Amino acid sequence: MRTDVFTLFPQAFDWYLSQVHIRNAVELGHEFHLTNYRDHTPLSHLQVDDTPYGGGAGMVLRIDVVCAALEAVFPGDAACLKDGRRVVELTPKGRQFDDALAAELARQDLVLLCGRYEGIDERVKHLVTDRVSIGPYVLSGGEVAAMAVLDGVTRKLPGVISNPESVVSESHSDVLEGGAEYPHYTRPAEFRGWGVPEVLLSGNHGEIDCWRALQVRKR
Ligand code: 6GU
């Protein structure tokens, strides 16, 4: 699978893309590409945004700039990019990202379009398959949201997480019926008078499974 991120701030992804599960994905043959819209703008003075028609605050990322960047990376008509891959605009106005959408997006090549300022010109709707938000609040740009989506999606790729059980039994996946995962404890068994549930120290895996299932239901 190939994932492309289009952004005005590619350096924002440096730390994230160096993380171990991304490196695992790359070793498995997955590709991650970053493109700066500004590197492909057809406008003078490296312009990428403009004032909104009708007036109002802020700047809007221009649709001709977005198309030029997409077409520099994927030769052909940018409006055809969505045939055969998911093209996602990150926007607070989008559908809320969840575990089911992460699984869906992990099935095809993926293009993530980050906006800044007041967002991308509305005509981006002709280029995308999805508009995705990570929650009911406004961030100053799509980059942090794109990293959340990348992380959620990359974990779904077969073989990326070395213990596959930790992916299926994870919080919010179907196995847990959308509920939260059971609580985890590690050494020391007692710290400042705070103990660990006895059952976890018992070595009785049947009882441990029962206890964990109960905790999931309680949560
Ligand atoms: Cl995807 N973008 C921005 N700018 N703000 C957000 C968001 C996305 N999701 C939640 N808030």
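Residues numbered from 1 in each chain as written. Predicted model: local features only at pLDDT ≥ 70, side-chain atom pairs only at ≥ 80, totals over all residues. Heavy atoms only, no water.

Participant: Is there a simple way to think about the environment of Val144 in this case?
Facilitator: Counting through the fold element by element, Val144 comes out in helix H5 (residues 143–154). Judged by its relative accessible area of 55%, Val144 falls in the exposed class. (Helix = DSSP H or I, 4+ residues; strand = E, 2+ residues; numbered from the N terminus. Buried < 20%, exposed > 50% of the residue type's maximum accessible area, 1.4 Å probe, protein only.)

Participant: Is there a simple way to think about the sheet that holds strand S6 (residues 109–114) in this case?
Facilitator: Pairing between the strands of a sheet is mediated by backbone hydrogen bonds and can be parallel or antiparallel. Read across the sheet, five strands follow the order S2-S1-S6-S5-S7 without closing on themselves; strand pairing throughout is parallel. Across the chains shown, the open sheet's two edge strands, defined by having one partner strand only, are strand S2 (31–36) and strand S7 (130–133). The average angle at which neighbouring strand axes cross in this sheet is 30°, direction not considered. Pairing between strand S5 (residues 85–96) and S6: six bridges, direction parallel. Within the sheet, the bridge partner assigned to Val88 lies in S6 and is Leu112. Together, strand S1 (2–7), S2 and S6 form the strand contacts of helix H3 (residues 63–73), whose direction differs from that of S1 by roughly 150°. Contacts from H5 reach S1, S2, S5, S6 and S7, with the element oriented near 165° to S6. (Pairing = 2+ DSSP bridges. Axes fitted to C-alpha atoms, helices over the stretch in contact; angles between N-to-C directions. Contact = heavy atoms within 4.5 Å.)

Participant: Just checking my understanding: could you explain the environment of Ala146 for this structure?
Facilitator: Residue position: Ala146 is located in helix H5. Separated by 57 residues in sequence, Ala146 and Glu89 have C-alpha atoms that sit 9.1 Å apart.

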